[in-house]
Amino acid sequence: MQCEVTEIDGEKALVIRRGDETFTIGATCTHYNGPLEEGIIVGDTIRCPWHHACFDLRTGEAVRAPALAPIKVFGVGAAAPGRPAAEAGAATLRSVAIVGAGAAGAACADMLRRRGYAGAIVMYGTEAPVDRPNLSKDYLAGHAPEEWLPLPVAEDVELQMQRVTALDAKSKTLTLDDGSTRAFDAILLATGADPVRLPIAGADKPNVHFLRTAADSRKIIALAEKGKRACIIGAGFIGLEVAASLRAREVEVDVVAPEAIPLARIMGDEVGRFVQKLHEEHDVRFHLGAPVNSVDEIAADFVVMGGGVRPNTALAEAAGLKVDNGIVVDEFMQSSAPGIYAAGDAARFPDRFSGRSIRVEHWAVAETQGQTAAKNILGAGEPHGVPPFFWSAHYDVTIAYVGNAAGWDRAEMRGSLDERRALVAYRTGDRISAVATIGMDRECLLAEAAMEKGDHAELERILLGT
C-alpha cells in the first residue's frame, strides 16, 4: 500500500493506492486537523493518529468519533460524503429522548440523523453540548477561542434546557422539573457524572471551584486573570491538565494529593514520575503523600478541586433499572428495561476485549457509545466493539491510552520516556490489557486495531516492535 500527500485545487489531499484501487481523500482529520497520512488503514477505513477518529475511504463518512464531520473525497465518480442506508427502525420510530446534552447525547443524535431517522429527537440538559476536553486543555490555557467550544447539534433536534426528574421505565415517560410529562418510543440516558465533593473543611468557600462545565472553565479563567496563585487538590489527569493550562497563563500552581506519585495507580510509578517531573520543569510545586483536611491550610488565591467524579445514576436507580456503579447495559448499550439505553460516564458495559464489565469516564468512549446506542435504537443489532481510548495533554507531551487495565499486574516498556518516545503495555495476568504511548501514535492505533480483533499475539508483536 502506498500513501502520498498532494494538493488538488489548493486543498491538501491524500492519495492511497491499494492493489488496483486508488482513493483520494482530504488529508486532515475533521476533528482537530490531525495528519491522516500518519494514521493507519484498517479495511476500508483510515484512522487519525491523534484521537483515533475513523473515516470511510469510499464515502468520507466519519464512521467513528471523535470526528463527526466527513472528509472530502476527490475524483471522478467518487462517492459523495453522505449517509449510509437507513436502518429498518428509522421509518417506524417516532420519538427519541436523550437525557443529557454531553458527548454521548450529541453523538447519538448525530448518528440517528445520519442513519435516516427523521422523527422527533428531544435532548434534555443544563448546558448546550460543548467540546469538554478543551475545558481543561487549550481553552483553559488560552490557546483556543470561544468558538471552538460548541459541539454541532444534529438538525431538527429539540434542545430543552430542563432537568428530568423522573423516569417511568415501563411506559418510557419522562417527568420534567416543571411537572410536565412526555412519553417516547426510545430513551437514551446520557446523564454523565458529577464531581466528587471531598470531605474537606471549607470546600464550599467562594474561592473553591470544580471543573465540569463550560461555565466552570470560564470562572477559572476569570480567576486566573486576577489571581497569581492556584492550588489543585488532586493529581489525576484533569487536575494536572488544569495545572498545565494555568501555568500557560503564568499562574503559580501547587498540586496537593494524598498519593506518593501522581497517576501511579493508572499508569504505573515510572510514567507517574515522568509526568510529575514534566510539571516540575514548568515550575509546578507538588505536595504529595498527605491529605488536605481544610482549605484554610492552602495558601492560594483560588482552589480547583480534582477529586474525580461519580456516575449520575439517580434517575435510573429510582426507575428500577439495574445499577452497579453505573447503569448496567448489554453489548448493544440497552439497559435492563427494553427501549431504554445508556451511554457515557454513567454506563457500565461489557468490554469485548477484556471480557469484564467496566465503566469508563472518557470523552471518545462516550461518543462512540452514543453512536452505538443510536444504531441499536434503530434496530441495527450492532454490538459495541470499540476499545476504550483517551488522550491527556501536558504542555508539549500527549499521552494516548487504549484498552482498560484496571487492576493491572505489571507494566512493560518499549522506548524511552526521557526521549518522549515510549510504549507501555499493562498486563493483567499473562495478557496485555492496555497500551499507553508517548510519541508513538501509530503504534497506539495498531494496538487499538489488534484489540478490536481480539488479537493478543499482535499486541505482543507491537510491544516488541516486530
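Our structure is the block above this text.
Chemist: Please set out the overall build of the protein residue by residue, giving values where relevant.
Modeler: For the protein, the count of helices and strands is 11 helices and 30 strands. Against the compact-globule benchmark of 23 Å for 466 residues, the protein has a radius of gyration of 22 Å, which places it among compact chains. Its C-alpha atoms put the protein at 65 × 60 × 50 Å along the principal axes. Taking all 466 residues of the protein together, 54% fall into the buried category. Sequence separation of at least 24 residues holds for 58% of the intrachain contacts in the protein that already meet a minimum separation of 6. Entry remark: accessible area of the protein is about 19700 Å², with carbon and sulfur atoms responsible for 48%. A gap of 3 Å separates the mean positions of the 48 positive and 64 negative side-chain charges of the protein.

Chemist: Could you give an account of the environment of D216, naming the residues involved and the relevant values?
Modeler: Structurally, D216 is set in helix 4 (residues 214–226). As for D216 and L135, which are separated by 81 residues in sequence, their C-alpha atoms are 8.5 Å apart. Polar contacts involving the side chain of D216 include one to the main-chain amide nitrogen of T213, which spans 3.0 Å.

Chemist: Go over the layout of surface pockets, please, and point to the residues and values.
Modeler: Size it by volume and the second largest pocket reaches roughly 1000 Å³. Along its surface, the second largest pocket is lined by 47 residues, and H31, Y32, H51, D131 and N134 are the ones closest to its centre. Residue assignment for the lining of the second largest pocket shows that the elements contributing at least two residues are helix 1 (103–114), helix 2 (133–136), helix 3 (138–141), helix 5 (237–248), helix 9 (363–377), strand 26 (389–394) and strand 27 (397–403). Looking at which element gives the most residues to the lining of the second largest pocket, the answer is helix 5, with 5 residues. Its residues assigned to classes, the lining of the second largest pocket shows 24 nonpolar, 12 polar and 11 charged.

Chemist: Describe the pairing of strand 2 (residues 11–18), naming the residues involved and giving the relevant values.
Modeler: One ladder, built from 7 bridges, connects strand 1 (residues 2–8) with strand 2; its direction is antiparallel. By the bridge assignment, E7 is partnered in strand 2 with K12. Across 6 bridges, strand 2 lies against strand 3 (residues 21–26) in antiparallel orientation. Bridge assignment links I16 to a residue of strand 3, and that residue is F23. With antiparallel pairing between neighbouring strands as the criterion, strand 2 and strand 3 make up a hairpin whose turn holds 2 residues, including G19 at a positive phi of roughly 60°.

Chemist: Can you tell me about the nonpolar core, naming the residues and giving the values?
Modeler: Generally speaking, a soluble globular protein has its nonpolar side chains buried in company with each other. Of all hydrophobic cores here, the largest spans 75 residues; its most connected members are L112, L167, L174, I187, L189 and L321. Apart from residues no more than four positions distant in its own chain, L167 is found in contact with T173, L174, I187, L189, L315, A319, L321 and I340.

Chemist: Talk me through the packing of aromatic side chains; I want residue IDs and the actual numbers.
Modeler: For the structure on display, the rule yields 6 aromatic pairs. Put simply, the rings of F237, F390, Y401, W408 and Y426 touch in pairs and so form one group of aromatic residues. Here the guanidinium or amino end of R197 rests over the ring plane of F210, the centre of that ring lying 4.0 Å away.

Chemist: So, the environment of V309: which residues are in play, and what are the values?
Modeler: As for its position among the elements, V309 is in strand 21 (residues 309–311). Note: C-alpha distance between V309 and D194 (115 residues apart in sequence) is 5.2 Å. Contacts of V309, omitting those with residues within four sequence positions, involve A193, D194, P195, V196, R212 and E361.

Chemist: Mind laying out the packing of helix 1 against helix 9, listing which residues take part and the relevant values?
Modeler: At a minimum axis separation of 7 Å, helix 1 and helix 9 run at an interaxial angle of 40°. Of the two possible hands of crossing, helix 1 and helix 9 adopt the one that is right-handed. Between helix 1 and helix 9, the residues in contact are A103, A104, A107, C108, M111, L112 and R114 and W363, A366, E367, G370, Q371, A374, K375 and I377, respectively. Here the contact of helix 1 with helix 9 is built from residues that sort into 10 nonpolar, 2 polar and 3 charged.

Analysis parameters
Residues numbered from 1 in each chain as written. Predicted model: local features only at pLDDT ≥ 70, side-chain atom pairs only at ≥ 80, totals over all residues. Heavy atoms only, no water. Helix = DSSP H or I, 4+ residues; strand = E, 2+ residues; numbered from the N terminus. Rg over C-alpha atoms; globule rule 2.2 N^0.38 Å. Buried < 20%, exposed > 50% of the residue type's maximum accessible area, 1.4 Å probe, protein only. Contact = heavy atoms within 4.5 Å. Areas by Shrake-Rupley, 256 points an atom, 1.4 Å probe, with all protein chains shown as cover. Lys, Arg positive; Asp, Glu negative; His and termini not counted. Charge placed at Lys NZ, Arg CZ, Asp CG, Glu CD. Polar contact = N/O pair within 3.5 Å; in protein donor to acceptor, adjacent residues only side chain to side chain. 1 Å grid on protein atoms, 1.4 Å probe; cavity = no way out; pocket = protein on both sides within 12 Å on 5 of 7 lines; lining within 4 Å. Points joined across faces, edges and corners; volume = space filled by probe spheres on them. Nonpolar A, V, L, I, M, F, W, Y, C, P; charged D, E, K, R; others polar. Pairing = 2+ DSSP bridges. Core = buried A, V, L, I, M, F, W, Y, C linked by side-chain atoms within 4.5 Å. Phe/Tyr/Trp six-rings, centres within 6.5 Å; stacked < 30°, edge-to-face > 60°. Lys NZ or Arg CZ within 6 Å of the ring centre and 35° of its normal. Axes fitted to C-alpha atoms, helices over the stretch in contact; angles between N-to-C directions. Left-handed = near helix turned anticlockwise from the far one by under 90°.

By themselves these figures say nothing about function.
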